[in-house]
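# Descriptive structure summary
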Amino acid sequence: MAFATRQFVRKMTSSAARAAAIRHVTVIGGGLMGAGIAQVAAATGHTVVLVDTSEDILKKSATGIEGSLTRIAKKKFADKPEAGQEFVQKVLKNISTSTDAASAVRTTDLVVEAIVENLKTKQELFSALDKVAPDRTIFVSNTSSLPIADIASSTARLDRFGGLHFFNPVPMMKLVEVIKTSQTSQETFDTLVDFSKALGKHPVLCKDTPGFIVNRLLVPYLMEAIRLHERGHGSKEDIDMAMKLGAGYPMGPFELLDYVGLDTSKFIMDGWNEMEPENPLFAPSPLLNKLVAEGKFGKKTGEGFYKMLQLKYF
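Residues numbered from 1 in each chain as written. Predicted model: local features only at pLDDT ≥ 70, side-chain atom pairs only at ≥ 80, totals over all residues. Heavy atoms only, no water.

### Examining the nonpolar core
In this structure, Val-27, Leu-110, Leu-164 and Phe-166 are the most contacted members of the largest nonpolar core, which totals 35 residues. At seven residues, the largest contribution of residues to this core is made by helix α2 (residues 32–43). Those residues in contact with Val-27, other than ones at most four positions away along the chain, are Gly-34, Ile-37, Ala-38, Val-48, Val-49, Leu-50, Val-51 and Val-112. (Core = buried A, V, L, I, M, F, W, Y, C linked by side-chain atoms within 4.5 Å. Buried < 20%, exposed > 50% of the residue type's maximum accessible area, 1.4 Å probe, protein only. Helix = DSSP H or I, 4+ residues; strand = E, 2+ residues; numbered from the N terminus. Contact = heavy atoms within 4.5 Å.)

### Regarding the pairing of strand β6 (residues 161–166)
A large share of β6 lies buried, amounting to six of its six residues. Where burial is concerned, the two faces of β6 agree: the one with Phe-161, Gly-163 and His-165 and the one with Gly-162, Leu-164 and Phe-166 are both buried. Note that strand β5 (residues 138–141) and β6 share three bridges and pair parallel. Within β6, the position partnered with Val-140 by the bridge is Gly-162. By the bridge criterion, four bridges tie β6 to strand β7 (residues 175–180) in an arrangement that is antiparallel. What sits directly across from Gly-163, in β7, is Ile-179. (Pairing = 2+ DSSP bridges.)

### Topic: the pattern of salt bridges
Under the criterion given, the structure shown has 14 salt bridges. Where Lys-122 meets Glu-117, a salt bridge forms, and the shortest distance between an N and an O atom there is 3.2 Å. Across the pair, exposure class does not vary: Lys-122 and Glu-117 are buried alike. Note that Glu-237 is salt-bridged to Lys-236, the shortest N-O span being 3.4 Å. (Salt bridge = Lys/Arg side-chain N within 4 Å of Asp/Glu carboxyl O.)

### A word on the UniProt feature "binding site: CoA" (unreviewed entry) in the protein
The positions that UniProt labels "binding site: CoA" (unreviewed entry) are, in the present scheme, Ser-68, Lys-75 and Ser-144. Taking the farthest pair of C-alpha atoms as the criterion, the annotated set spanning 77 residues is dispersed, since that pair is 30.4 Å apart. Turning to its location among the elements, Ser-68 is positioned in helix α3 (residues 55–76). If sequence neighbours within four positions are ignored, Ser-68 has contacts with Gln-39 and Pro-171. On the secondary structure map, Lys-75 appears in helix α3. (UniProt positions renumbered as here; feature names shortened; annotations may be inferred.)

### Let's talk about the sheet that holds strand β4 (residues 110–113)
Judged by pairing direction, the sheet is mixed, and its eight strands sit side by side in the order β3-β2-β1-β4-β5-β6-β7-β8 without closing on themselves. Across the chains shown, the open sheet's two edge strands, defined by having one partner strand only, are β3 (95–98) and β8 (202–207). Each strand axis lies, on average, 25° off the axis of its neighbour in the sheet, ignoring direction. Pairing of β7 with β8, which is carried by six bridges, proceeds in the parallel orientation. Across the sheet, the residue bridging to Val-176 is Pro-203, located in β8. Strands in contact with helix α6 (residues 119–130) are β1 (24–28), β4, β5 and β6; relative to β5, the strand with the most contacts, it is inclined by about 170°. (Axes fitted to C-alpha atoms, helices over the stretch in contact; angles between N-to-C directions.)

Below, the structure is given as C-alpha coordinates:
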(Lines give C-alpha, C1' and ligand atoms only; values in the text may rest on other atoms or scores of the structure.)
Protein backbone atom coordinates (compact mmCIF):
# COMPACT_ATOMS: atom_id res chain seq x y z
CA MET A 1 0.00 0.00 0.00
CA ALA A 2 2.81 2.40 0.92
CA PHE A 3 4.63 1.53 -2.31
CA ALA A 4 1.49 2.20 -4.36
CA THR A 5 1.02 5.51 -2.60
CA ARG A 6 4.60 6.54 -3.32
CA GLN A 7 4.16 5.58 -6.98
CA PHE A 8 0.97 7.63 -7.21
CA VAL A 9 2.58 10.65 -5.58
CA ARG A 10 5.62 10.34 -7.84
CA LYS A 11 3.39 10.19 -10.90
CA MET A 12 1.37 13.20 -9.81
CA THR A 13 4.52 15.15 -8.97
CA SER A 14 6.01 14.37 -12.37
CA SER A 15 2.81 15.46 -14.12
CA ALA A 16 2.68 18.70 -12.14
CA ALA A 17 6.33 19.39 -12.95
CA ARG A 18 5.69 18.96 -16.69
CA ALA A 19 2.68 21.27 -16.54
CA ALA A 20 4.69 23.85 -14.62
CA ALA A 21 7.41 23.63 -17.27
CA ILE A 22 5.12 25.64 -19.54
CA ARG A 23 4.48 29.03 -18.01
CA HIS A 24 5.18 31.34 -20.95
CA VAL A 25 3.24 30.72 -24.16
CA THR A 26 3.68 32.47 -27.51
CA VAL A 27 0.72 32.19 -29.88
CA ILE A 28 1.45 33.03 -33.51
CA GLY A 29 -1.69 34.16 -35.34
CA GLY A 30 -4.27 36.60 -34.03
CA GLY A 31 -7.27 35.14 -35.82
CA LEU A 32 -10.24 33.41 -34.22
CA MET A 33 -8.30 30.29 -33.21
CA GLY A 34 -5.13 32.06 -32.09
CA ALA A 35 -7.04 34.58 -30.00
CA GLY A 36 -9.08 31.78 -28.44
CA ILE A 37 -5.96 29.80 -27.53
CA ALA A 38 -4.35 32.93 -26.06
CA GLN A 39 -7.47 33.63 -24.00
CA VAL A 40 -7.67 30.13 -22.54
CA ALA A 41 -3.95 30.04 -21.72
CA ALA A 42 -4.12 33.46 -20.03
CA ALA A 43 -7.25 32.49 -18.09
CA THR A 44 -5.38 29.52 -16.60
CA GLY A 45 -2.52 31.65 -15.32
CA HIS A 46 -0.06 31.45 -18.20
CA THR A 47 1.86 34.45 -19.47
CA VAL A 48 0.90 34.86 -23.11
CA VAL A 49 2.26 36.84 -26.04
CA LEU A 50 -0.10 36.98 -29.02
CA VAL A 51 1.75 37.67 -32.27
CA ASP A 52 0.52 38.77 -35.67
CA THR A 53 1.81 40.81 -38.58
CA SER A 54 -0.17 44.01 -37.94
CA GLU A 55 -1.32 46.10 -35.00
CA ASP A 56 -4.80 46.33 -36.52
CA ILE A 57 -5.24 42.56 -36.39
CA LEU A 58 -3.96 42.46 -32.82
CA LYS A 59 -6.34 45.23 -31.76
CA LYS A 60 -9.26 43.25 -33.17
CA SER A 61 -7.97 40.16 -31.39
CA ALA A 62 -7.73 42.00 -28.07
CA THR A 63 -11.24 43.40 -28.48
CA GLY A 64 -12.57 39.95 -29.25
CA ILE A 65 -10.84 38.41 -26.25
CA GLU A 66 -12.16 41.08 -23.91
CA GLY A 67 -15.68 40.61 -25.28
CA SER A 68 -15.46 36.85 -24.83
CA LEU A 69 -14.17 37.20 -21.27
CA THR A 70 -16.93 39.68 -20.45
CA ARG A 71 -19.59 37.21 -21.59
CA ILE A 72 -18.00 34.46 -19.51
CA ALA A 73 -17.80 36.75 -16.49
CA LYS A 74 -21.48 37.67 -16.72
CA LYS A 75 -22.41 34.00 -16.46
CA LYS A 76 -19.74 32.99 -13.96
CA PHE A 77 -20.23 35.98 -11.67
CA ALA A 78 -23.90 36.73 -12.27
CA ASP A 79 -24.43 37.87 -8.70
CA LYS A 80 -21.03 39.53 -8.29
CA PRO A 81 -20.42 41.96 -11.18
CA GLU A 82 -17.35 43.48 -9.48
CA ALA A 83 -15.76 40.05 -9.19
CA GLY A 84 -16.52 39.55 -12.86
CA GLN A 85 -14.71 42.74 -13.79
CA GLU A 86 -11.73 41.69 -11.67
CA PHE A 87 -11.68 38.33 -13.45
CA VAL A 88 -11.63 39.99 -16.88
CA GLN A 89 -8.84 42.41 -15.95
CA LYS A 90 -6.76 39.69 -14.30
CA VAL A 91 -6.84 37.57 -17.45
CA LEU A 92 -6.13 40.51 -19.74
CA LYS A 93 -3.04 41.37 -17.70
CA ASN A 94 -1.61 37.98 -18.65
CA ILE A 95 -1.76 38.83 -22.37
CA SER A 96 0.56 41.10 -24.33
CA THR A 97 0.78 41.51 -28.10
CA SER A 98 3.63 41.85 -30.56
CA THR A 99 4.34 42.07 -34.27
CA ASP A 100 7.87 40.74 -33.75
CA ALA A 101 7.70 36.95 -33.62
CA ALA A 102 11.46 36.50 -33.27
CA SER A 103 11.63 38.63 -30.14
CA ALA A 104 8.51 37.03 -28.67
CA VAL A 105 9.93 33.50 -28.72
CA ARG A 106 13.36 34.23 -27.25
CA THR A 107 12.29 33.33 -23.70
CA THR A 108 9.14 31.30 -24.29
CA ASP A 109 8.40 27.74 -23.19
CA LEU A 110 5.88 26.92 -25.90
CA VAL A 111 5.14 28.26 -29.38
CA VAL A 112 1.63 27.59 -30.70
CA GLU A 113 1.19 28.34 -34.40
CA ALA A 114 -2.33 29.19 -35.61
CA ILE A 115 -1.78 30.87 -38.97
CA VAL A 116 -3.09 30.18 -42.49
CA GLU A 117 -3.33 26.52 -43.55
CA ASN A 118 -0.43 26.64 -45.98
CA LEU A 119 2.44 24.20 -45.57
CA LYS A 120 5.14 26.42 -47.07
CA THR A 121 4.08 29.42 -44.96
CA LYS A 122 4.15 27.35 -41.78
CA GLN A 123 7.52 25.84 -42.64
CA GLU A 124 9.04 29.26 -43.30
CA LEU A 125 7.70 30.56 -39.98
CA PHE A 126 9.03 27.66 -37.92
CA SER A 127 12.37 27.65 -39.73
CA ALA A 128 12.89 31.28 -38.73
CA LEU A 129 11.72 30.78 -35.14
CA ASP A 130 13.87 27.67 -34.73
CA LYS A 131 16.97 29.82 -35.08
CA VAL A 132 16.09 32.15 -32.19
CA ALA A 133 13.96 30.17 -29.74
CA PRO A 134 15.69 28.42 -26.81
CA ASP A 135 16.57 24.75 -27.32
CA ARG A 136 14.11 23.77 -24.59
CA THR A 137 11.16 25.47 -26.31
CA ILE A 138 8.47 23.18 -27.66
CA PHE A 139 6.88 23.99 -31.03
CA VAL A 140 3.34 22.97 -31.91
CA SER A 141 0.98 23.61 -34.81
CA ASN A 142 -2.79 23.98 -34.53
CA THR A 143 -3.23 22.71 -38.09
CA SER A 144 -6.43 20.79 -38.74
CA SER A 145 -5.28 18.94 -41.84
CA LEU A 146 -1.56 19.24 -42.66
CA PRO A 147 0.92 16.55 -41.53
CA ILE A 148 2.78 17.69 -38.43
CA ALA A 149 5.95 15.90 -39.56
CA ASP A 150 5.99 17.91 -42.79
CA ILE A 151 5.71 21.18 -40.86
CA ALA A 152 8.35 20.07 -38.35
CA SER A 153 10.82 19.13 -41.09
CA SER A 154 11.78 22.79 -41.45
CA THR A 155 13.29 22.77 -37.94
CA ALA A 156 16.09 21.06 -36.05
CA ARG A 157 13.88 20.18 -33.04
CA LEU A 158 11.93 17.21 -34.34
CA ASP A 159 11.80 15.68 -30.87
CA ARG A 160 10.28 18.88 -29.45
CA PHE A 161 7.65 19.34 -32.14
CA GLY A 162 4.05 18.15 -31.96
CA GLY A 163 0.49 19.14 -32.69
CA LEU A 164 -2.20 20.70 -30.52
CA HIS A 165 -5.44 20.86 -32.49
CA PHE A 166 -8.01 23.00 -30.67
CA PHE A 167 -11.63 23.36 -31.72
CA ASN A 168 -13.74 26.44 -32.36
CA PRO A 169 -14.78 28.24 -30.23
CA VAL A 170 -11.68 27.47 -28.16
CA PRO A 171 -12.98 28.82 -24.81
CA MET A 172 -16.05 26.55 -25.04
CA MET A 173 -14.82 23.37 -26.71
CA LYS A 174 -13.19 20.92 -24.29
CA LEU A 175 -11.39 18.70 -26.78
CA VAL A 176 -7.75 19.03 -27.81
CA GLU A 177 -6.14 16.56 -30.18
CA VAL A 178 -2.51 16.04 -29.15
CA ILE A 179 -0.53 14.81 -32.15
CA LYS A 180 2.64 12.77 -31.80
CA THR A 181 4.86 12.25 -34.83
CA SER A 182 7.28 9.36 -35.13
CA GLN A 183 10.03 11.68 -33.85
CA THR A 184 8.17 13.55 -31.11
CA SER A 185 9.77 12.53 -27.81
CA GLN A 186 7.62 10.95 -25.11
CA GLU A 187 8.64 13.75 -22.75
CA THR A 188 7.40 16.36 -25.22
CA PHE A 189 4.15 14.51 -25.77
CA ASP A 190 3.55 14.08 -22.03
CA THR A 191 4.25 17.79 -21.49
CA LEU A 192 1.69 18.72 -24.16
CA VAL A 193 -0.91 16.41 -22.62
CA ASP A 194 -0.34 17.96 -19.19
CA PHE A 195 -0.46 21.46 -20.65
CA SER A 196 -3.80 20.66 -22.30
CA LYS A 197 -5.16 19.46 -18.98
CA ALA A 198 -3.86 22.61 -17.29
CA LEU A 199 -5.98 24.58 -19.75
CA GLY A 200 -9.04 22.67 -18.57
CA LYS A 201 -9.22 20.67 -21.79
CA HIS A 202 -9.64 16.96 -22.47
CA PRO A 203 -6.67 15.74 -24.54
CA VAL A 204 -6.84 12.72 -26.86
CA LEU A 205 -3.80 11.02 -28.41
CA CYS A 206 -3.60 11.20 -32.20
CA LYS A 207 -1.18 9.75 -34.69
CA ASP A 208 0.10 12.04 -37.43
CA THR A 209 -2.41 10.91 -40.06
CA PRO A 210 -4.66 13.03 -42.36
CA GLY A 211 -7.26 14.83 -40.25
CA PHE A 212 -6.13 13.12 -37.04
CA ILE A 213 -9.36 11.79 -35.44
CA VAL A 214 -12.18 14.32 -35.62
CA ASN A 215 -11.65 15.73 -39.12
CA ARG A 216 -10.69 12.31 -40.52
CA LEU A 217 -14.21 11.17 -39.63
CA LEU A 218 -16.06 14.48 -39.96
CA VAL A 219 -14.87 15.83 -43.32
CA PRO A 220 -15.64 12.65 -45.35
CA TYR A 221 -19.09 12.61 -43.70
CA LEU A 222 -19.68 16.21 -44.78
CA MET A 223 -18.45 15.49 -48.30
CA GLU A 224 -20.70 12.44 -48.62
CA ALA A 225 -23.67 14.61 -47.66
CA ILE A 226 -22.77 16.95 -50.54
CA ARG A 227 -22.44 14.01 -52.94
CA LEU A 228 -25.81 12.67 -51.80
CA HIS A 229 -27.34 16.04 -52.65
CA GLU A 230 -25.43 16.23 -55.96
CA ARG A 231 -26.87 12.87 -57.01
CA GLY A 232 -30.38 14.17 -56.31
CA HIS A 233 -30.95 11.71 -53.49
CA GLY A 234 -32.03 14.36 -51.00
CA SER A 235 -32.40 18.10 -50.56
CA LYS A 236 -29.97 19.84 -48.27
CA GLU A 237 -32.87 20.68 -45.93
CA ASP A 238 -34.03 17.06 -45.71
CA ILE A 239 -30.49 15.73 -45.27
CA ASP A 240 -29.87 18.20 -42.44
CA MET A 241 -33.16 17.34 -40.75
CA ALA A 242 -32.56 13.60 -41.13
CA MET A 243 -29.19 13.78 -39.40
CA LYS A 244 -30.52 15.97 -36.59
CA LEU A 245 -33.61 13.92 -35.84
CA GLY A 246 -32.30 10.51 -36.86
CA ALA A 247 -28.72 10.65 -35.58
CA GLY A 248 -29.15 13.19 -32.80
CA TYR A 249 -26.67 15.65 -34.29
CA PRO A 250 -27.16 19.26 -33.14
CA MET A 251 -26.50 20.55 -36.67
CA GLY A 252 -26.99 18.98 -40.06
CA PRO A 253 -24.01 18.54 -42.42
CA PHE A 254 -24.87 21.52 -44.64
CA GLU A 255 -25.44 23.77 -41.61
CA LEU A 256 -22.09 22.63 -40.22
CA LEU A 257 -20.32 23.18 -43.54
CA ASP A 258 -21.56 26.77 -43.60
CA TYR A 259 -20.41 27.24 -40.00
CA VAL A 260 -16.94 25.78 -40.57
CA GLY A 261 -16.47 27.53 -43.93
CA LEU A 262 -16.82 26.01 -47.39
CA ASP A 263 -13.38 27.32 -48.34
CA THR A 264 -11.86 25.56 -45.33
CA SER A 265 -13.57 22.27 -46.16
CA LYS A 266 -12.47 22.50 -49.79
CA PHE A 267 -8.89 23.30 -48.75
CA ILE A 268 -8.76 20.24 -46.50
CA MET A 269 -10.27 17.93 -49.12
CA ASP A 270 -8.01 19.24 -51.90
CA GLY A 271 -4.96 18.54 -49.74
CA TRP A 272 -6.07 15.02 -48.90
CA ASN A 273 -6.98 14.32 -52.52
CA GLU A 274 -3.48 15.38 -53.54
CA MET A 275 -1.96 12.99 -50.97
CA GLU A 276 -4.27 10.06 -51.81
CA PRO A 277 -5.85 10.67 -55.24
CA GLU A 278 -7.21 7.11 -55.46
CA ASN A 279 -9.15 7.35 -52.18
CA PRO A 280 -12.85 7.85 -53.07
CA LEU A 281 -13.48 9.47 -49.67
CA PHE A 282 -11.19 12.32 -50.73
CA ALA A 283 -12.74 12.94 -54.15
CA PRO A 284 -13.54 16.63 -54.88
CA SER A 285 -17.10 17.95 -55.14
CA PRO A 286 -18.16 20.01 -58.19
CA LEU A 287 -20.89 21.76 -56.15
CA LEU A 288 -18.51 22.69 -53.34
CA ASN A 289 -15.93 23.94 -55.85
CA LYS A 290 -18.60 26.05 -57.58
CA LEU A 291 -19.78 27.73 -54.36
CA VAL A 292 -16.21 28.52 -53.28
CA ALA A 293 -15.41 29.94 -56.72
CA GLU A 294 -18.45 32.22 -56.33
CA GLY A 295 -17.14 33.46 -52.98
CA LYS A 296 -19.91 31.76 -51.02
CA PHE A 297 -18.00 30.47 -48.01
CA GLY A 298 -20.85 30.20 -45.49
CA LYS A 299 -21.13 32.17 -42.25
CA LYS A 300 -18.05 34.29 -42.92
CA THR A 301 -19.50 35.70 -46.17
CA GLY A 302 -23.21 35.56 -45.32
CA GLU A 303 -24.04 32.81 -47.81
CA GLY A 304 -22.97 29.24 -48.49
CA PHE A 305 -25.36 26.35 -48.92
CA TYR A 306 -27.79 28.59 -47.06
CA LYS A 307 -28.19 32.32 -46.68
CA MET A 308 -27.38 33.06 -43.05
CA LEU A 309 -30.80 34.57 -42.35
CA GLN A 310 -32.26 31.12 -42.96
CA LEU A 311 -30.40 29.60 -40.03
CA LYS A 312 -30.95 30.14 -36.34
CA TYR A 313 -27.35 29.07 -35.57
CA PHE A 314 -25.95 32.31 -36.95
